[in-house]
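Overview (structure and organization)
Chain residues, written in single-letter form:
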Amino acid sequence: MHSKPAPKRLRRMTPYLITAGVGLSVATASVASPDEEQSKEAMESEIPAPTIDTNGDGTPDAWDRSGDGKPDAWDTNGDGRPDLLDDNGDGQPD
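Summary of the structure given here. This structure is a prediction, so every number in the text was calculated from the model and none was measured.

Quick look at the pattern of salt bridges now. On inspection of all chains with the given rule, the structure shows two salt bridges. As a salt-bridge pair, Arg65 and Asp72 come within 3.5 Å of each other at their nearest N and O atoms. With relative accessibility at 45%, the residue Arg65 sits in the partly exposed group. Measuring nitrogen to oxygen at the nearest pair gives 3.0 Å for the salt bridge that ties Arg65 to Asp87. Here Arg65 is found in the loop between strand S1 (62–63) and strand S2 (73–74), whereas its partner Asp87 is found in the segment after strand S3 (84–85), with 22 residues between them in sequence. Residue Asp87 is classed as exposed on the basis of its relative accessible area, which comes to 58%. Linked by salt bridges that have partners in common, Arg65, Asp72 and Asp87 make up one network.

Put into structure tokens, the structure is as follows:
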């Protein structure tokens, strides 16, 4: 009597199939990460660096978004992003 060769063949191929599957998943993950980093950098670069030093400490902490020479956005916590905005043009945070 002959045993069925298919289960033996599948049992012998299983480690190779698992290795190939893991290899493909790792390759896909490494290809996706640079795209995510580029899109993250693009989102962060939309906000320009502050250009006006409103508190006199030597570090720019405000933006002139309207171009009138007066600050209309302020970074109060030092993260490089505007936290307080002046959208009505009165020179004070809204």
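So much for the structure itself; the text now carries on.
In this fold, Pro71 is placed in the loop between S1 and S2. Taking the C-alpha atoms as reference, Pro71 lies 6.9 Å from Ile52; in sequence the two are 19 residues apart. Those residues within four positions of Pro71 in sequence are excluded, and the remaining contacts are Ile52, Thr54, Ala62 and Trp63.

Two modes of strand pairing occur in sheets, parallel and antiparallel, and in both the strands are linked by backbone hydrogen bonds. Ordered by their spatial adjacency, three strands build an open sheet running S1-S2-S3, and the pairing between neighbours is antiparallel. The sheet terminates laterally at S1 and S3, the two strands that pair on one side only. Here S2 pairs with S3 via two bridges, running antiparallel. The partner of Trp74 across the bridge, within S3, is Leu84.

Basis of the calculations
- Residues numbered from 1 in each chain as written.
- Predicted model: local features only at pLDDT ≥ 70, side-chain atom pairs only at ≥ 80, totals over all residues.
- Heavy atoms only, no water.
- Salt bridge = Lys/Arg side-chain N within 4 Å of Asp/Glu carboxyl O.
- Buried < 20%, exposed > 50% of the residue type's maximum accessible area, 1.4 Å probe, protein only.
- Helix = DSSP H or I, 4+ residues; strand = E, 2+ residues; numbered from the N terminus.
- Contact = heavy atoms within 4.5 Å.
- Pairing = 2+ DSSP bridges.

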